[in-house]
Amino acid sequence: MIAALLWSTDHKVVALRSAVFSAFFFMAAGVAALVMRTELAEPGLQVVSREGYAELFTMHGSTMIFLVVIPVALGACLYLVPLQVGTTQISGARWAHGASLLLGLGGLVMWSGWLTREGPGRAGWYAYDPLANAPETPGNGMDLWVCGVLLVTVGSIVTAVCVLATLLRRRAPGMTLLRLPVFSWTALATCLLVIFSFPSLVVAFGLLLADRHGAHVLGPVSYQHLFWFYGHPAVYVMFFPFVGMVAEAASILSGRRFFGYRVFVIALLGFTALSISAWGHHMFTTGSVPTKLFALTSTALIVPAGIEYFDIVATLWNGAVRFGVPMLFVFGFLLQFVIGGLTGIWVASPVLDVQAQDSYFVVAHFHYTLFAGSMFGLFAGIYLWWPKVTGRFLSERLGRLHFGLLVLGTNLTFLPQFALGQDGMARRLADYPRATGWTTLNALSTVGSFVIAVALVVFVLAVVRSALAPRTAAADAWGGGMTLEWWTSSPPPPHNFDSLPPVRSYAPLYDLRRREEDDVPAPEGPEVLRA
Amino acid sequence: MRSGWLPLAAWGAALIAIALLGVLVFDLDTLPALLLAGAGACSLVSGLAVGVAERRRPHLDDREQPELVVRGSAATTIVAAGVTTALVGSAAAGPAFFWPGAGMIVLGLGGLVREWLAGRRLLRERRP
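Rules of the game
- Residues numbered from 1 in each chain as written.
- Chains lettered and ligands numbered in written order.
- Predicted model: local features only at pLDDT ≥ 70, side-chain atom pairs only at ≥ 80, totals over all residues.
- Heavy atoms only, no water.
- Helix = DSSP H or I, 4+ residues; strand = E, 2+ residues; numbered from the N terminus.
- Rg over C-alpha atoms; globule rule 2.2 N^0.38 Å.
- Buried < 20%, exposed > 50% of the residue type's maximum accessible area, 1.4 Å probe, protein only.
- Areas by Shrake-Rupley, 256 points an atom, 1.4 Å probe, with all protein chains shown as cover.
- Lys, Arg positive; Asp, Glu negative; His and termini not counted.
- Charge placed at Lys NZ, Arg CZ, Asp CG, Glu CD.
- Domains from an automatic or database assignment.
- Expected span 1.5 Å × (residues − 1).
- 1 Å grid on protein atoms, 1.4 Å probe; cavity = no way out; pocket = protein on both sides within 12 Å on 5 of 7 lines; lining within 4 Å.
- Points joined across faces, edges and corners; volume = space filled by probe spheres on them.
- Nonpolar A, V, L, I, M, F, W, Y, C, P; charged D, E, K, R; others polar.
- Contact = heavy atoms within 4.5 Å.
- Buried area = accessible area lost by both parts, 1.4 Å probe.
- Salt bridge = Lys/Arg side-chain N within 4 Å of Asp/Glu carboxyl O.
- Polar contact = N/O pair within 3.5 Å; in protein donor to acceptor, adjacent residues only side chain to side chain.
- Phe/Tyr/Trp six-rings, centres within 6.5 Å; stacked < 30°, edge-to-face > 60°.
- Lys NZ or Arg CZ within 6 Å of the ring centre and 35° of its normal.
- pLDDT = per-residue confidence, 0-100.
- Patch = residues over 30% accessible without salt bridge, like charges linked within 9 Å, V, L, I, M, F, W, Y side chains within 5 Å.
- Axes fitted to C-alpha atoms, helices over the stretch in contact; angles between N-to-C directions.
- Parallel < 35°, antiparallel > 145°, perpendicular 65-115°, else oblique.
- Left-handed = near helix turned anticlockwise from the far one by under 90°.

1. Here we look at the overall build of chain A
For chain A, the helix and strand inventory stands at 17 helices and two strands. Here the C-alpha radius of gyration of chain A, 23 Å, is about what a compact globule of 531 residues would show, namely 24 Å. In terms of overall dimensions, chain A has C-alpha extents of about 75 × 50 × 45 Å along its principal axes. For chain A, the residues scored as buried account for 63% of the 531 residues in total. Just so you have it, chain A exposes about 18500 Å², and 70% of that area is on carbon and sulfur atoms. Positive and negative side-chain charges of chain A, numbering 31 and 28 respectively, have mean locations separated by a distance of 5 Å.

2. Section: the domain arrangement of chain B
Accessible area lost upon the coming together of the parts is a frequently used measure of interface size. Partitioning chain B into structural domains gives domain 1 (1-57) and domain 2 (65-128). Computed over C-alpha atoms only, the centres of domain 1 of chain B and domain 2 of chain B are separated by 33 Å.

3. Quick word on helix H4 (residues 93-111) of chain A
Here H4(A) contains 19 residues, and its C-alpha end-to-end distance of 28 Å stays within 8% of the 27 Å for a straight helix at 1.5 Å per residue. Most of H4(A) sits out of view: 15 of its 19 residues are buried.

4. Considerations on empty space enclosed by the protein
Empty space among the atoms can be located by rolling a probe the size of a water molecule over them. Residue and element names in this part refer to chain A. Tallied over the entire structure, the rule returns four cavities of 30 Å³ or more. Reported here for the largest cavity is a volume of approximately 110 Å³. In terms of lining, the largest cavity is formed by Ser18, Pro71, Leu74, Gly75, Leu78, Ala99, Ser100, Leu103, Val152, Gly155, Ser156 and Thr159. Within the residue set of the lining of the largest cavity, elements represented by two or more residues are helix H3 (50-85), H4 and helix H5 (140-169). Looking at the lining of the largest cavity residue by residue, the classes come out as six nonpolar, six polar and no charged. Reported here for the second largest cavity is a volume of approximately 60 Å³. Lining the second largest cavity, in full, are Pro181, Val182, Ala247, Glu248, Ser251, Phe258, Met482, Thr483, Tyr506 and Ala507. Examining the composition of the lining of the second largest cavity, we find that three residues originate from one element, helix H8 (residues 240-254), more than from any other. Here the lining of the second largest cavity is composed, by residue class, of seven nonpolar, two polar and one charged.

5. So, the interface of chain B and chain A
Facing the 52 residues of chain B at the interface are 60 residues of chain A. A combined buried area of about 4600 Å² lies between chain B and chain A, and 69% of that area is made up of carbon and sulfur atoms. The tally of links between chain B and chain A comes to one salt bridge. Measuring nitrogen to oxygen at the nearest pair gives 2.8 Å for the salt bridge that ties Arg94(A) to Glu115(B). At the surface where chain B touches chain A, the tally comes to 13 residue pairs in polar contact (both at pLDDT 80 or more). The set of elements that each furnish at least two residues to the side of chain B that touches chain A consists of helix H1 (5-26), helix H2 (30-56), helix H3 (74-93) and helix H4 (95-126) of chain B.

6. Observations concerning the environment of Ser489(A)
Residues and elements named next belong to chain A. Along the chain, the position of Ser489 falls in the loop between helix H16 (439-468) and strand S1 (499-500). Measuring from C-alpha to C-alpha, the distance between Ser489 and Leu178 comes to 25 Å, with 311 residues separating the pair along the chain. Dropping the residues within four chain positions of it, Ser489 is found in contact with Lys388 and Ala475. Looking at Ser489, its side chain comes within polar contact range of the main-chain oxygen of Pro491, at 2.9 Å.

7. So, the packing of aromatic side chains
A full pass over the atoms with the stated rule returns 46 aromatic pairs over all chains. Ring centres of Phe196(A) and Trp11(B) lie 5.9 Å apart, and the angle between their planes is 40 degrees; this geometry places the pair in the tilted category. Here Phe196(A) is found in helix H6 (residues 182-212), whereas its partner Trp11(B) is found in helix H1 on a different chain. Exposure class is identical for Phe196(A) and Trp11(B). Each is buried. Note on Phe329(A) and Tyr383(A): the rings are 5.5 Å apart at their centroids and 15 degrees apart in plane angle, and the pair reads as stacked. Placement of Phe329(A) in helix H12 (residues 325-348) and of Tyr383(A) in helix H14 (residues 360-390) is noted, with a sequence separation of 54 residues between them. Each member of the pair Phe329(A) and Tyr383(A) is classed as buried. Here the aromatic residues Phe66(A), Trp125(A), Trp145(A), Phe198(A), Phe205(A), Tyr223(A), Phe227(A), Trp228(A) and Tyr230(A) are joined through ring pairs into a cluster of three or more. Directly above the aromatic system of Tyr506(A) lies the positively charged group of Arg257(A), at a separation of 4.8 Å from the ring centroid.

8. With respect to the confidence of the model for chain A
Per-residue pLDDT for chain A averages 92, and the proportion of residues at 70 or more is 97%. Per-residue pLDDT stays below 50 along residues 524-531 of chain A; that stretch engages in 17 contacts with residues further than four places along the chain or on separate chains.

9. Regarding unusual backbone geometry
All names here are of chain A. At the junction of Asp129 and Pro130, the peptide bond is cis and its omega measures out at 10 degrees in the coordinates. Cis geometry marks the peptide bond from Ser490 to Pro491, where omega comes out at -5 degrees. Relative to the helices and strands, Pro491 is located in the loop between H16 and S1. Its identity as a non-glycine residue notwithstanding, Asp358 has a phi of 60 degrees, on the positive side. Although it is not a glycine, Arg428 adopts a positive phi angle of roughly 65 degrees. Counting through the fold element by element, Arg428 comes out in the loop between helix H15 (396-422) and H16. Under the relative-accessibility criterion, Arg428 is labelled partly exposed at 28%.

10. Section: a nonpolar patch on the surface
Nonpolar side chains collect at one region of the surface, where Leu296(A), Leu20(B), Leu21(B), Val23(B), Leu24(B) and Val25(B) lie side by side and expose about 550 Å² of accessible area between them. Top contributing element to the nonpolar patch by residue count: H1(B), with five residues. Relative to the helices and strands, Leu21(B) resides in helix H1. Under the relative-accessibility criterion, Leu21(B) is labelled partly exposed at 37%.

11. Re the environment of Pro138(A)
Residue and element names in this part refer to chain A. With respect to the element layout, Pro138 can be found in the loop between H4 and H5. A C-alpha to C-alpha distance of 9.6 Å links Pro138 and Gly121, two positions 17 residues apart in sequence. Contacts of Pro138, omitting those with residues within four sequence positions, involve Glu118, Arg122 and Arg212.

12. Topic: the pattern of salt bridges
Residue and element names in this part refer to chain A. All told, the structure shown has nine salt bridges over all chains when counted by the stated rule. The salt bridge partner of Asp10 is Lys12, with a shortest N-O separation of 3.2 Å. Here Arg212 ties to Asp143 by a salt bridge, and the two come within 2.7 Å at their closest N and O atoms. One end of the pair, Arg212, is in helix H6; the other, Asp143, is in helix H5, with 69 residues separating them in the sequence.

13. Quick look at helix H10 (residues 291-300) of chain A
Owing to its 3.6 residues per turn, the α-helix brings residues three or four apart onto one side. By the burial criterion, the buried members of H10(A) are Leu293(A), Phe294(A), Ala295(A), Thr297(A) and Ser298(A). Elements in contact with the buried residues of H10(A): helix H9 (261-275), H12 and helix H13 (350-356) of chain A together with H1 of chain B.

14. A closer look at the packing of H4(A) against H5(A)
All names here are of chain A. H5 packs onto H4 with a crossing angle of 160 degrees between their chain directions and a minimal axis gap of 8 Å. In terms of their interaxial angle, H4 and H5 are classed as roughly antiparallel. For the pair H4 and H5, the sense of crossing is left-handed. For the pair H4 and H5, contact is made by Trp95, Ala96, Ala99, Leu102, Leu103, Gly106, Gly107, Val109 and Met110 and by Leu144, Trp145, Cys147, Gly148, Val149, Leu151, Val152, Val154, Gly155, Val158, Thr159 and Cys162, respectively. Of the residues assigned to the contact of H4 with H5, the class counts are 16 nonpolar, five polar and no charged.

So this is what it looks like as structure tokens:
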């Protein structure tokens with residue numbers, strides 16, 4: 001067991017190992033968030049110092065982005081893509097294994113800064129130059145934080161290369177690109193962004209590290225370009241796989257093929273190209289970027305996003321929708337991400353962005369995209385594929401409770417932050433004067449964060465209960481699987497498949513069911529047997 | 001149909017087009033233009049390389065040959081641990097970490113070569 005965890009190169013074990021690492025870091029980041037929210041519940045410094053608060057928001061943000069959402073997004077691709085394309089293993093299995101270890105080790109390095117005299121990284125998750133320089137943020141803790149992020153980012157790039165190579169070179173016979181499942185297409189888009197934008201962060205942080213050790217090679221604006229060329233696509237890395245999960249869940253649990261598949265694929269590639277071209281809107285207030293270009297690319301994102309939304313909703317339309325827990329999270333994602341998406345138009349406008357810059361409005365916006373959106377998409381995916389991964393189902397009753405509490409907690413936490421931002425509350429503040437009148441909204445937000453914590457405890461209970469239950473899930477656990485992962489046993493064997501059905505569309509299992517219903521003989525071409 | 005090169009090449013071309021639009025119409029500066037066009041060029045070249053690879057050798061799953069399924073690699077674990085230790089040593093903790101890390105990298109790379117040779121030997125034995 002320990003050996004399997006330490007050096008298995010099976011893509012499923014590697015992905016689950018990454019998920020376990022991320023779960024631990026998620027808990028740590030969650031605790032940091034609760035401490036911050038407790039501090040902000042009322043004016044005055046009650047729990048932490050200003051310095052400690054800077055450490056907390058830096059570690060919370062950087063952990064959630066570098067160690068939780070991105071690794072989970074890539075981990076899902078690592079687990080599901082080989083199964084969806086019908087192959088025995090991931091391309092570059094050793095590389096993927098090493099990359100997942102870099103995630104865990106890099107995370108430990110980031111968090112080991114707490115053991116140093118000066119404390120961990122405390123210059124924000126973006127570590128702007130010159131704030132992150134040695135004179136402004138002295139100490140080994142910051143160096144360790146930069147090293148940790150470098151390791152994790154290199155791990156992410158390597159993972160993406162392995163997934164992309166699998167998608168391009170290991171597809172089952174008959175699976176052309178336009179027969180890739182929807183989730184696999186979102187994985188492909190994710191990999192493009194990781195491979196071609198994340199190296200920019202490696203360069204930025206490498207130069208930052210050199211800068212901290214005396215080589216002055218960075219300017220503030222150059223650093224911001226390098227950082228945000230990574231930072232904005234990273235948002236979509238934390239979004240696309242979860243859209244893919246929602247799309248698959250919508251299709252399976254409504255019993256319909258995905259609506260507008262080809263248009264979705266084209267929109268997704270357009271979305272990807274625009275998303276890597278929109279980083280400048282994070283720099284509007286520097287006055288050093290052509291605002292018209294970046295306002296154009298940022299606002300244009302709404303077109304492919306709208307197409308994807310339309311496709312998912314149209315898939316549900318007139319379908320035999322089963323309101324199980326995964327579908328509840330699909331609806332949670334669809335309804336709440338709209339809030340994050342529409343407030344994105346606000347910050348894509350240079351004039352409005354100047355007002356919102358560095359305020360709680362921005363905090364609320366990105367938490368609606370990443371937590372109310374991506375996290376709900378992730379939970380839709382977790383509840384959908386849990387039976388495939390473990391052979392067991394998660395409790396429906398606890399799942400509904402988890403969903404209800406999470407919706408309540410999420411909106412209670414982040415909705416008041418829009419109003420706080422509009423009223424001028426700046427982000428990264430450990431304290432605020434009572435005269436501002438922000439106490440009630442902050443208290444509500446704090447209560448909401450604890451409701452989120454309770455919701456997550458309920459999810460952990462559901463996981464524990466599932467682990468103690470017998471394995472009852474069939475290969476096609478939901479009885480409506482469309483893609484190849486639902487062909488093999490639950491959980492899949494180490495070699496993934498004993499046989500494969502003929503692949504003649506992006507929904508080969510749906511095709512088989514239709515043929516059986518229509519009593520049409522199977523097309524020529526025997527099943528592909530693999531030892 | 002094997003067309004793995006297409007999304008890479010098309011996506012790269014799209015990025016170059018957006019970079020050109022930025023430079024020609026919106027006075028985009030050199031660094032951001034280079035970032036965008038550079039990413040596009042890398043994607044385009046990767047796409048072309050995949051296309052060449054697809055022409056030269058059959059798709060992996062089309063080959064009527066046994067394939068080595070790698071199930072574990074202790075050497076990779078040692079290399080990953082070594083890289084982490086060496087980087088921490090070079091940037092923060094000093095030579096007490098750097099040199100053991102470098103040693104682990106060398107040890108791990110040796111192990112990787114050994115694993116690779118064993119895999120080749122196994123494949124040669126199984127080949128009809």
